[in-house]
Amino acid sequence: AMAGVGGGNDFQWCFSQVKGAIDEDVAEADIISTVEFNYSGDLLATGDKGGRVVIFQREQESKNRPLSRGEYNVYSTFQSHEPEFDYLKSLEIEEKINKIRWLPQQNAAHFLLSTNDKTIKLWKISERDKRAEGYNLKDEDGRLRDPFRITSLRVPVLMPMDLMVEASPRRIFANAHTYHINSISVNSDHETYLSADDLRINLWHLEITDRSFNIVDIKPANMEELTEVITAAECHPHQCNVFVYSSSKGTIRLCDMRAAALCDRHSKFFEEPEDPSSRSFFSEIISSISDVKFSHSGRYMMTRDYLSVKVWDLNMENRPVETYQVHEYLRSKLCSLYENDCIFDKFECCWNGSDSAIMTGSYNNFFRMFDRNTRRDITLEASRENSKPRAILKPRKVCTGGKRKKDEISVDSLDFNKKILHTAWHPKENVIAVAATNNLYIFQDKIN
Amino acid sequence: MEYKVEAHRIMSISLGKIYNSRVQRGGIKLHKNLLVSLVLRSARQVYLSDYYGGVCFSAQQVESKEWELMDAEQNKLRPAAEEGPAPQKDAGLGDATPVADEPTSQPQADGESPAGAQQPPAEADAETGGTSPAGPAEDQTGGGGRALPDEAGTPGAHSCPTRKRGAEKSHHACSPQKRTKVTPTPDSSGAAEEPEEMETGNVSNLITIFGSSFSGLLSKDDTPPASEGEDGDSGSGQICCDQMLKNLNPWTTAIVAF
């Protein structure tokens, strides 16, 4: 059975690997902006602010090196997006990769979608380990042979070569979004996908780049009446007609594409009534949902707002079935966090493969895991200090008041520049990838 | 009236963020600007909630006075983002009299509960240990014609009633005498139009303070916080002012009662 959360004797997380520069001076372009395992978990993709995609591949476990259980090594690196300039609007378009989503594998090649603020690209990553040799018309360096010197005909032969992994852009889906793209999601039909910006959601066919269907449009006729924006969207994992999108007001709408061409009218509306006693200047900001993820089962979905993670049963719209506080101690610091812009940080969340645990990030390079069955939670830290191979991660604790115990850290000592916004959980195993600024940490469960 | 100081500070910070968002790479982020504008609107609501404490002044009087004050403070203006952390626990605020805090007489066209506006600042100030202003039991109807209470009991507690002075730092510069003169209060019996006029004046002052920057904000692309790029000429300060004005009003109706 797949356990998720530590604490006690049953389960512990260990350091496995860390990727990225150790240098204290972090180049902005190296900051990781998205992390995603593929469907098998053998590939792990990261995107960064510089528009690059780095794909890691898991080594096959071998009897020769039993302890290096499935290490991830660089498989392919390519520049997905470049900075662009929209001359019409005098706007620079950032090359930062907002999201990567893998397509299910259908042949030897791997496909993924990567997107920046405006353009989505379908990349094909394929291996080449053979090369044809013995051409008639050109010699081995590629120079053309003089046709008059060719006296005999031969059939080129495939010869092995050093493995080369090539990434090539197969489709470019551009010019469909006026606002900034925040989400892409591949549909379970494996033919279509959706892309969402602040005000609109479009449905694409993977083969067709010159048009897309607009399925949600919340732009008001008069922009002055704008009160909420779309913050995230995802297709249902099994029902290809269903998708959800979250809003800056803390609501989630579930839509059925069979109901109408334009899904402005939701089928379900998920909202938890606000607790009036906790109202503040910043209530609206902290209720804005930064991520929404369906469970693998398709029965639940999880939303992340600034201070908490909530699990919703799709059959119950009026409140979540579970709420987990990520860093409630920040509630009294909201004004400072507003000043330094941290309150706008968009944390993501993820499920483990069996949906028994969920994970999300926090500050000070802390990340949190919640076991839905045992209700246990744990706080762990991604740091170079805990980077000895197979070192067991020690649970961390934030002191919220009163005397600070040994090993606890006080709220005021937290480093708000070290934020973990992106995490990913292997679809089948207890392996997690945690992006800490420009470093990617990989942790896995203890090998007994 | 710690909450008013806090509200003012938050307004300044918010305006600074909106201003800075124009020069950020990648263009104006609609989501963030929307959230900032919501905070700005809330803070402004709270900040203004005491203005209509009953005294009625002519718009012209107020306007000219505000221009005076603004000129005086022009050189103090710096982008709000550069402000340090707010002074916590300002002295003497603990004894703000409930009467002085009366926010109720602000005639809102949308009928929001001004008393409710008192609550959130208290929450937001939890970190400062701020005093909770008068609770929701306040008189909602407001006192028409009530003179501004003598604020002598709360020295330095009020910032100048120069609303939305961008990043001005001098919270305590005004004497009570000056303040009563400047407070732009319409007839508190509820002329809904007058508060809006006041806002126009202040907004145009703001626009002037920030120079042409706001015009860029509203016209440059189609993702401004609240107005369309195609809504009129770009670059015109007057149009921005109007745009800002139009922007601010509908949001007050969208707000959930504090």
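Residues numbered from 1 in each chain as written. Chains lettered and ligands numbered in written order. Predicted model: local features only at pLDDT ≥ 70, side-chain atom pairs only at ≥ 80, totals over all residues. Heavy atoms only, no water.

With an unreviewed UniProt entry as reference, chain B is termed Immediate early response 5, source organism Denticeps clupeoides. Regarding chain B, the UniProt comment filed under Sequence similarities (unreviewed entry) reads as follows: "Belongs to the IER family." (UniProt positions renumbered as here; feature names shortened; annotations may be inferred.)

With an unreviewed UniProt entry as reference, chain A is termed Serine/threonine-protein phosphatase 2A 55 kDa regulatory subunit B, source organism Denticeps clupeoides. In the Sequence similarities (unreviewed entry) part of its UniProt record, chain A is described as follows: "Belongs to the phosphatase 2A regulatory subunit B family." The heading Subunit (unreviewed entry) in the UniProt record of chain A holds the text "PP2A consists of a common heterodimeric core enzyme, composed of a 36 kDa catalytic subunit (subunit C) and a 65 kDa constant regulatory subunit (PR65 or subunit A), that associates with a variety of regulatory subunits."

Per the secondary structure count, chain B includes 8 helices and 0 strands. Along its sequence from the N terminus, chain B presents helices and strands in the succession α-α-α-α-α-α-α-α. The proportion of buried residues among the 258 residues of chain B is 59%. For chain B, the proportion of contacts with a sequence separation of at least 24, taken over those separated by at least 6, is 81%. Of the roughly 9400 Å² that chain B leaves accessible, carbon and sulfur atoms contribute 54%. (Helix = DSSP H or I, 4+ residues; strand = E, 2+ residues; numbered from the N terminus. Buried < 20%, exposed > 50% of the residue type's maximum accessible area, 1.4 Å probe, protein only. Contact = heavy atoms within 4.5 Å. Areas by Shrake-Rupley, 256 points an atom, 1.4 Å probe, with all protein chains shown as cover.)

Turning our eyes to something else, we now look at the overall build of chain A. Secondary structure assignment for chain A yields 2 helices and 32 strands. Here the C-alpha radius of gyration of chain A, 24 Å, is about what a compact globule of 448 residues would show, namely 22 Å. Considered along the principal axes of its C-alpha atoms, chain A spans approximately 90 × 60 × 40 Å. The buried share of chain A, taken over its 448 residues, is 53%. Put simply, 55% of the contacts in chain A that link residues at least 6 apart link residues at least 24 apart. Carbon together with sulfur atoms contributes 48% to the accessible area of chain A, which is approximately 20900 Å² in total. Across chain A, 59 positive and 67 negative side-chain charges occur, with their mean positions spaced 4 Å apart. (Rg over C-alpha atoms; globule rule 2.2 N^0.38 Å. Lys, Arg positive; Asp, Glu negative; His and termini not counted. Charge placed at Lys NZ, Arg CZ, Asp CG, Glu CD.)

Let us now look at the sheet that holds strand β18 (residues 252-256) of chain A. Residues and elements named next belong to chain A. With antiparallel pairing, 4 strands are arranged side by side in an open sheet as β16-β17-β18-β19. Sheet topology places β16 (230-235) and β19 (268-270) at the edges, where each strand pairs with a single neighbour. Taking each pair of neighbouring strands and ignoring which way they run, the sheet shows an average axis angle of 20 degrees. Both strand β17 (residues 242-247) and β18 contribute to a ladder of 5 bridges, which runs antiparallel. In the strand pairing of β18, Tyr245 is matched with Arg253. (Pairing = 2+ DSSP bridges. Axes fitted to C-alpha atoms, helices over the stretch in contact; angles between N-to-C directions.)

On to the environment of Thr192 of chain A, then. All names here are of chain A. Assignment of secondary structure puts Thr192 in strand β13 (residues 192-196). Apart from residues no more than four positions distant in its own chain, Thr192 is found in contact with Val186, Asn187, Leu203, Trp204, His205 and Leu206. Among the polar contacts listed, one links the side chain of Thr192 to the side chain of Asp189, at a separation of 2.9 Å. (Polar contact = N/O pair within 3.5 Å; in protein donor to acceptor, adjacent residues only side chain to side chain.)

Attention shifts here to the packing of helix α1 (residues 2-21) of chain B against helix α2 (residues 30-48) of chain B. Residues and elements named next belong to chain B. The contact between α1 and α2 brings their axes to 8 Å, and the two run at 150 degrees. In terms of orientation, α1 and α2 fall into the roughly antiparallel class. In this structure, α1 meets α2 at a crossing whose hand is left-handed. On α2, the residues touching Tyr3, Lys4, Ala7, His8, Ile10, Met11, Ser14, Leu15, Lys17, Ile18 and Ser21 of α1 are Asn33, Val36, Val39, Leu40, Ala43, Arg44, Val46, Tyr47 and Leu48. For the contact of α1 with α2, the per-class residue count stands at 13 nonpolar, 4 polar and 3 charged. (Parallel < 35°, antiparallel > 145°, perpendicular 65-115°, else oblique. Left-handed = near helix turned anticlockwise from the far one by under 90°. Nonpolar A, V, L, I, M, F, W, Y, C, P; charged D, E, K, R; others polar.)

Taken as a whole, this structure holds 20 aromatic pairs over all chains when the rule is applied. Ring geometry for Phe282 of chain A versus Tyr338 of chain A: centroids 5.1 Å apart, planes at 40 degrees, classification tilted. Note that Phe282 of chain A is positioned in the loop between β19 and α1 (283-287) and Tyr338 of chain A in helix α2 (residues 334-339), a separation of 56 residues in sequence. By relative accessible area, which is 0% here, Tyr338 of chain A ends up buried. Here the basic side chain of Arg372 of chain A rests over the ring of Tyr300 of chain A, its NZ or CZ set 4.6 Å away from the ring centre. Looking at Lys17 of chain B, its charged tip hangs above the ring of Tyr338 of chain A, at a distance of 5.1 Å from the centre. (Phe/Tyr/Trp six-rings, centres within 6.5 Å; stacked < 30°, edge-to-face > 60°. Lys NZ or Arg CZ within 6 Å of the ring centre and 35° of its normal.)

Moving on, we get to the side chain of Asp305 of chain A. All names here are of chain A. Positionally, Asp305 belongs in the loop between β21 (300-304) and β22 (308-313). Under the relative-accessibility criterion, Asp305 is labelled buried at 9%. Excluding residues that lie within four positions of it along the chain, Asp305 makes contacts with Ile286, Ser287, Ser288, Ile289 and Lys310.

Below, the discussion takes up the nonpolar core. Among the nonpolar cores identified, the biggest contains 46 residues, and Phe282, Tyr306, Leu330, Tyr338 and Ile343 of chain A are the most heavily contacted of them. Residue assignment for this core shows that the elements contributing at least two residues are α1 and α2 of chain A together with α1 and α2 of chain B. Among the elements that make up this core, the one with the highest residue count is α2 of chain B (10 residues). Beyond its immediate sequence surroundings of up to four residues, Ile343 of chain A is in contact with Phe282, Ile285, Ile286, Tyr306, Leu334, Leu337 and Tyr338 of chain A. Cys350, Met359, Trp425 and Tyr441 of chain A belong to the second-largest nonpolar core, a separate cluster that totals 19 residues. (Core = buried A, V, L, I, M, F, W, Y, C linked by side-chain atoms within 4.5 Å.)

Our focus in this paragraph is α2 of chain B. For α2 of chain B, built from 19 residues, the straight-helix expectation of 27 Å at 1.5 Å per residue is met to within 8% by its first-to-last C-alpha distance of 26 Å. Of all 19 residues making up α2 of chain B, 19 are buried, and the element is well covered by its neighbours. (Expected span 1.5 Å × (residues − 1).)

Where charged atoms of side chains with opposite charge meet at close range, the side chains can pair. Residues and elements named next belong to chain A. Going through the model one piece at a time under the given rule, you end up with 38 salt bridges over all chains. A salt bridge links Asp139 to Arg143; its shortest N-O distance comes to 4.0 Å. Among the residues examined, Asp139 registers a relative accessible area of 26% and is labelled partly exposed. Among the residues examined, Arg143 registers a relative accessible area of 55% and is labelled exposed. Here Lys310 makes a salt bridge to Glu272, at a shortest N to O gap of 2.8 Å. (Salt bridge = Lys/Arg side-chain N within 4 Å of Asp/Glu carboxyl O.)

Residue and element names in this part refer to chain B. Confidence in the prediction of chain B, expressed as mean pLDDT, is 48, and 19% of residues score 70 or more. The model gives residues 53-258 a pLDDT under 50, and that stretch makes 378 contacts with residues more than four places away or in other chains. Across the predicted assembly, pTM comes out at 0.71 and ipTM at 0.90. (pLDDT = per-residue confidence, 0-100.)

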